[in-house]
Amino acid sequence: MSLDLIPYDLPLRSPMATSHAIVADRRGALVRLDDHGTIGWGDLCPMPGWSVQEFESLHDQVDMAGLRLDEDMIGDVLDTLVGAPEARAALAGAAADVLAQEAGLSLAAHLAPEPLERVAVNATIGAADVSTALTNVYLAIANGIETIKLKVAHRRVEEDIALVESARRAVGDKVELRLDANGGWRPDEALEILHRLAPLDIAVCEEPTAGIDQIAAVGAESPIPVAVDESARTVDDLRRAIATGTVGAVVIKPQALGGPDFAMQAIAAAHSAGVTPIVTSMIDSAVGVAHAVHVAAASGVTAAHGVATSALLAADVAAPLPVEDGAILVPSIPGLGVRPSAAAR
Ligand SMILES: [Mg+2]
């Protein structure tokens, strides 16, 4: 096996404020794994403000791991990257692409026996201004999206409530509404707001407050199911959140957890406890998004996943999997089904 890293820098269509930083572009690298002529692709795309380690350090760790591939088994090499989840995700993703191709299976079918053929996606509405946010809700519905996630808790409470009420009126009762507070409310505040919003049929609220124990405590009394996202950094964190018995969903980011195999472990833990896994990408390249799509398909969860992030990028390493009628069709050819354009090969 031999490994190459192909760096990229992809501008966003417009800079985006996350809970930690302003993101204007996505710096990353494609991982190209060659196993006797079978080429697998992985994506290294750490998110500033989320990822603990910087891109340069992760890049060098993948590079070093590549040098060991001649002598060591891939599993042993992956073990050296457990402390660098994005680096592990990149190599594990490329290796899974190779193994799936060698087995003649789509990556999703390599990960689970009966994957979904299409993955429903949500639109994420992040605009701070209420009228812009509502316009974006209408646009998403017009494009066939059936699940809308509204970012809340970064404006005044009364504005949040007005937005959610208006959004519910705008979309009718057939569209699923979700909220994501990114840990922005105190626990008591979160409970009061969630009780006020309960009549609006909200499917789930991600991170109503910060911290696994605090979210679980809110979940115990909330009329709206709560989900853990950024408060869980590892599969063990997710297991701990699931074990509280009071979270309704967990957000699974294959890139942040360390790869498709780790993501599938978290998904299995969620399923066994009746908790819904929601798979999301992190504005990674078309290769990384495709990896998340296959994991989402392998989860078997027909509710929407957060993998419609490619439209946020003004350029990409390959044609991203298209979103049509609120869903992404999962490539059925062996492997990942997304190949970087000629320049990157
Ligand atoms: Mg979230």
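The notes below deal with the structure included here.

Scoring rules and cut-offs
- Counting of residues starts from 1 at the beginning of each chain's written sequence and follows it residue by residue.
- For a predicted model such as this one, the threshold for reporting local features is a pLDDT of at least 70, and the threshold for listing and counting side-chain atom pairs is 80 or more; totals across whole chains, interfaces and linings nevertheless cover every residue.
- Excluded from the side-chain calculations are hydrogens and water; all other atoms, namely the structure's heavy atoms, are used.
- Any two strands between which DSSP finds at least two bridges are classified as paired.
- Helical segments are the DSSP runs of H or I of at least four residues, strand segments are the runs of E of at least two, and each set is numbered from the N terminus.
- Two N or O atoms form a polar contact when they lie within 3.5 Å of each other; inside protein one atom must be a possible hydrogen donor and the other a possible acceptor, and for residues adjacent in sequence the pair counts only when both atoms belong to side chains.
- Working rule for contacts: check all heavy atoms of both residues, and any pair within 4.5 Å makes them a contact.
- Side-chain atoms within 4.5 Å are what join buried Ala, Val, Leu, Ile, Met, Phe, Trp, Tyr and Cys residues into a set we call a nonpolar core.
- Residue exposure (1.4 Å probe, protein chains only): buried if accessible area is under 20% of the type maximum, exposed if over 50%, otherwise partly exposed.
- Boundaries between domains were set according to an automatic or database domain assignment.
- One side-chain nitrogen of Lys or Arg within 4 Å of one carboxyl oxygen of Asp or Glu is enough to make a salt bridge.

**Examining the sheet that holds strand β12 (residues 323-324)**
Phase 1 of the analysis: Here we have three strands laid out as an open sheet, ordered β4-β13-β12, and antiparallel in their pairing. Strands at the two margins of the open sheet, each flanked by one partner only, are β4 (118-120) and β12.
Phase 2 of the analysis: Bridge count for β12 against strand β13 (residues 327-329) is two bridges, and the pairing is antiparallel. Opposite E324, over in β13, you have A327 as the bridge partner.

**Observations regarding the side chain of E206**
Phase 1 of the analysis: For E206, the position within the fold is in strand β8 (residues 202-206).
Phase 2 of the analysis: At 3.1 Å, the side chain of E206 forms a polar contact with the side chain of K149.
Phase 3 of the analysis: If sequence neighbours within four positions are ignored, E206 has contacts with K149, L179, D180, A181, N182, A227, D229 and V251.

**Examining the nonpolar core**
Phase 1 of the analysis: Counting residues in hydrophobic clusters, the biggest one holds 93 residues, and the most contacted among them are I148, L150, L197 and I252.
Phase 2 of the analysis: Here this core takes 10 residues from helix α12 (residues 286-299), the largest share from any one element.
Phase 3 of the analysis: Two domains share this core, each providing at least three of its residues, namely domain 1 (2-104) and domain 2 (111-344).

**Some remarks on the pattern of salt bridges**
Phase 1 of the analysis: Counted according to the given criterion, the structure contains 15 salt bridges.
Phase 2 of the analysis: Across the salt bridge formed by K149 and D180, the nearest N and O atoms sit 3.5 Å from each other. Note that K149 is positioned in strand β6 (residues 147-151) and D180 in strand β7 (residues 176-180), a separation of 31 residues in sequence.
Phase 3 of the analysis: You can call K149 buried: its relative accessible area is 9%.
Phase 4 of the analysis: With its nearest N and O atoms 2.8 Å apart, the salt bridge here joins R178 to E176.

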